[in-house]
Amino acid sequence: MIDDVFEAGLGYRKVIYTPFPQAVPKYPVLDRENCTYFQKGTCKACEKFCPTNAIDFTQEEEILNFDVGQIILATGWELFDARRISQYGYGRLANVFTSLEFERLSNAAGPTGGKVTLRDGVTVPKSVAIIHCVGSRDKNYNNYCSAICCMQSLKFAHLVHERTGAEVYNCYIDIRTAAKSYDEFYQRLLEEGTHFIRGKVAEITDAARYPGEEGKIIVQVEDTLIGKQRRLPVDMVILSAGLEPRHDHKEVARLFGLSCSSDGWLIERHPKLDPVATMTEGIYIAGCVQGPKDIPASVAQGAAAAARALGKIQQKEVSMEPIRATVDQDKCSGCRICNNLCPFNAILFHEDRMVSEVNPALCQGCGTCVAACPAGAISGTGFSNEQILAQIDGLLLKNIKTLEVLQS
Amino acid sequence: MSDKFEPVIIGFTCNWCSYRAADMAGTARMKYAPNVRLIRLMCSGRLDPTFVLKAFADGADGVLVSGCHPGDCHYVEQNYKMLRRFHLLIRLLKQMGIEPERIKLVWASAAEGAIFADEINKFVEQVRALGPLNWGASKNGSEKVMVQETATEVPA
């Protein structure tokens, strides 16, 4: 079986496999779609060999329901599909790789045992171009910076250099190495002799135009530091594809009552003062679901989210916003207009007394019932009619009593 | 500059989306017309039509109502309830002789600071073109105009 997920299509896995080496729980799973028993009805060889009788063909997918008080969303990101930039040739030119593919290629536990080779699995490249900002910082695709690609590309350059001794060209827009000891790594790369070309790549092609380009991949790029067009004939190209929100981010946001930025990342409660919590009480976010970030930042945010959730559990009590609606029982006419307006079913109607009452534990304080009450019997804490009308007065400079200056 | 009519506009924004959008516009240092004065409500559903009438009666030349995009309401669906009232309110305003162009509804999510600022600019120009309303002044500054006493009565 070709492993499209973990090995990025470069390696193989069995039909019974562990999804990835650090999987939690570390149990192998059975791929039903490709299992001989499920497809043809006979085999069950694994059942015979398993010494602990752990294989159960009758298992079905189940949906488990849990009642929880808090949720941490850490649904992560998806790789930008480099095929969308057709002039970069990914999917068309064999030796154009994405960053995730190269990640497996350079991994000691990967399909090639860490040997950097071309797609044929044998040839060692003599020259490699690494393209930064593929699908990031580009108005045609994503405006944002994907944050991890600079360091990732520098790491790739270092690995290629170390493993193959090939010439490495890094085509970048800007080098962004703004974190602890990141820039030192960049300086080290400069000393190692990696070539840095400041410019956005126009095209990656196999159409040779000049002698010496035959059989190579040619990277056409403007070197903006010298103001000249360059054609780099290389054996291998690595596209540092950007990070994108999960394809179903909108459904996830809607499910939890959150909102996404125009790019699709979930919005935190406050960008500076509360980057872990969300507008919905009890929902926290961690990692790339909030925006592109590297591993240390994701770990820090994950730990922060866990601590916030634990803090709530430790307190044993939930503090709520004090904004609530209350019904003045003497004024309520029992018309029940408010009853159907509440999306939280916080308003109950007392049949015996013919009045409505707001359950303060369920009320979220939106105030729709306050605005709807024809008798003016419902009042909202902090947002009563008098308070809002006074605000209008104040803003329009009406009914304002001027302070008399005390004369000494 | 001083000859130009500067309309006074009261804006009602919801705490979760449009107020945050205005915040976002501020933190991003986007410039928009200073004619709009915002009042924060917890939800656009809190918008009592009385507020709009009161604002016009008190001398506002325009009213901006803003909430979360349909389907994105922090309180599930209360912006739809505001929407129903909004359409009725426009009818009422027409009957009272107020141009419906003096009131505007803007959906703005917390991320749409730029859109919000842009809509404010457009609305200010729209109201500027209509000229002053002078609704409050025509009643010699009387405070009784159009405000339903029962709905605004202060509980004893």
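Residues numbered from 1 in each chain as written. Chains lettered and ligands numbered in written order. Predicted model: local features only at pLDDT ≥ 70, side-chain atom pairs only at ≥ 80, totals over all residues.

(A) Summary view of the overall build of chain B. Secondary structure summary: chain B contains five helices and four strands in total. Walking chain B from its N terminus toward its C terminus, one meets helices and strands in the order β-α-β-α-β-α-β-α-α. Counting all 156 residues of chain B, 50% fall into the buried class. Taking the intrachain contacts of chain B between residues at least 6 apart in sequence as the baseline, contacts between residues at least 24 apart amount to 83%. (Helix = DSSP H or I, 4+ residues; strand = E, 2+ residues; numbered from the N terminus. Buried ≥ 20, exposed ≤ 12 C-beta atoms within 10 Å, placed from the backbone. Contact = placed C-beta atoms within 7 Å.)

(B) Spatial organisation of the interface of chain A and chain B. Each side of the interface is counted separately: chain A has 32 residues, and chain B has 36 residues. Among the elements of the structure, α8 (368–372) and α9 (385–395) of chain A are those that each provide at least two residues to the side of chain A that touches chain B. Among the elements that take part in the side of chain A that touches chain B, α9(A) stands out by supplying eight residues, more than any other.

(C) Broad picture of the domain arrangement of chain A. Residues and elements named next belong to chain A. Under the domain assignment, chain A is made up of domain 1 (1–58), domain 2 (69–319) and domain 3 (325–395). For domain 1 versus domain 2, the distance between C-alpha centres works out to 30 Å. Taken together, the contacts link five residues of domain 1 with seven residues of domain 2. (Domains from an automatic or database assignment.)

(D) Just the nonpolar core, in detail. Counting 130 residues, the largest nonpolar core has Ala129(A), Val219(A), Val237(A), Leu239(A), Phe56(B) and Val63(B) as its most contacted members. Counting residues per element, this core draws most heavily on helix α4 (residues 149–164) of chain A, at seven residues. Domain assignment of the residues forming this core places at least three in each of domain 2 (69–319) and domain 3 (325–395) of chain A. Excluding its chain neighbours within four sequence positions, the residues that come into contact with Val237(A) are Asn95(A), Val96(A), Phe97(A), Ala129(A), Ile131(A), Ile204(A), Ile217(A) and Val219(A). (Core = buried A, V, L, I, M, F, W, Y, C linked by C-beta atoms within 7 Å.)

(E) Fine view of the packing of α4(A) against helix α5 (residues 182–192) of chain A. Residues and elements named next belong to chain A. With their axes 10 Å apart at the nearest point, α4 and α5 run at an angle of 35 degrees to one another. The interaxial crossing formed by α4 with α5 has left-handed handedness. Of the residues in α5, those in contact with Met151, Leu154, Ala157, His158 and His161 of α4 are Tyr182, Phe185, Tyr186, Leu189 and Glu192. Its residues assigned to classes, the contact of α4 with α5 shows seven nonpolar, two polar and one charged. (Axes fitted to C-alpha atoms, helices over the stretch in contact; angles between N-to-C directions. Left-handed = near helix turned anticlockwise from the far one by under 90°. Nonpolar A, V, L, I, M, F, W, Y, C, P; charged D, E, K, R; others polar.)

(F) Seen up close, the sheet that holds strand β1 (residues 9–14) of chain B. One open sheet accounts for four strands, arranged β2-β1-β3-β4 (chain B); its pairing is parallel. Both edges of this open sheet fall to β2 (36–41) and β4 (103–107) of chain B, since each of them pairs with a single strand only. Averaged over all neighbouring strand pairs, the angle between strand axes comes to 20 degrees, with direction disregarded. Sitting on the sheet, α9(A) is in contact with β1 and β2 of chain B, with an inclination near 170 degrees to β2(B). (Pairing = 2+ DSSP bridges.)

(G) Just the sheet that holds strand β10 (residues 195–198) of chain A, in detail. All names here are of chain A. Spatial ordering of the open sheet is given by β7-β14-β8-β9-β10, a layout of five strands whose pairing is parallel. Only two strands of the sheet have a single partner each, and these edge strands are β7 (96–98) and β10. On average, adjacent strands in this sheet sit at an angle of 20 degrees to one another, irrespective of strand direction. In the sheet, strand β8 (residues 127–134) pairs with strand β14 (residues 236–241) via five bridges, with the strands oriented parallel. Residue isoleucine 131 lies in a different strand from β14, and its bridge partner there is leucine 239. Its contacts with the sheet place α4 against β8, β9 (167–172) and β14, and it is angled at close to 175 degrees to β8.

(H) Looking closely at the confidence of the model for chain B. Residues and elements named next belong to chain B. Confidence in the prediction of chain B, expressed as mean pLDDT, is 85, and 85% of residues score 70 or more. Throughout residues 139–148 the model reports pLDDT below 50, and contacts reaching past four residues in sequence, or to other chains, amount to 13 contacts. We note a pTM of 0.74 for the whole complex and an ipTM of 0.83 for its interfaces. (pLDDT = per-residue confidence, 0-100.)

(I) How the structure looks around the pairing of β9(A). Residues and elements named next belong to chain A. Buried residues dominate β9, accounting for five of its six residues. As paired elements, β8 and β9 share five bridges and run parallel to each other. By the bridge assignment for β9, valine 128 is matched with valine 168. Bridge count between β9 and β10: four bridges; the pairing is parallel. Looking at β10, one finds that tyrosine 169 is bridged to histidine 195. For the segment spanning β9, α5 and β10, crossover handedness is right-handed. (Right-handed = clockwise from strand over helix to strand, strands pointing away.)

(J) How the structure looks around the pairing of β4(B). Residue and element names in this part refer to chain B. Summarising burial for β4: four of the five residues are buried, a large majority. Across five bridges, the pairing between strand β3 (residues 62–67) and β4 is parallel. If you follow valine 63 over to β4, its bridge partner there is isoleucine 103. Remark: the β3/helix α3 (residues 78–95)/β4 crossover connection has right-handed handedness.

(K) Structural detail: unusual backbone geometry. Residue and element names in this part refer to chain A. The amide bond that connects valine 24 to the next residue, proline 25, takes the cis arrangement and shows omega of -5 degrees. Tracing the backbone through its elements, the reader meets proline 25 in the loop between β3 (16–17) and β4 (29–30). A positive phi angle, close to 50 degrees, is found at asparagine 53, a residue other than glycine. With respect to the secondary-structure elements, asparagine 53 resides in the loop between α2 (45–49) and β5 (71–73). The class of asparagine 53 is exposed, set by 7 C-beta atoms lying within 10 Å. Unlike most non-glycine residues, asparagine 345 shows phi in positive territory, near 55 degrees. Tracing the backbone through its elements, the reader meets asparagine 345 in the loop between β17 (325–327) and β18 (347–350).

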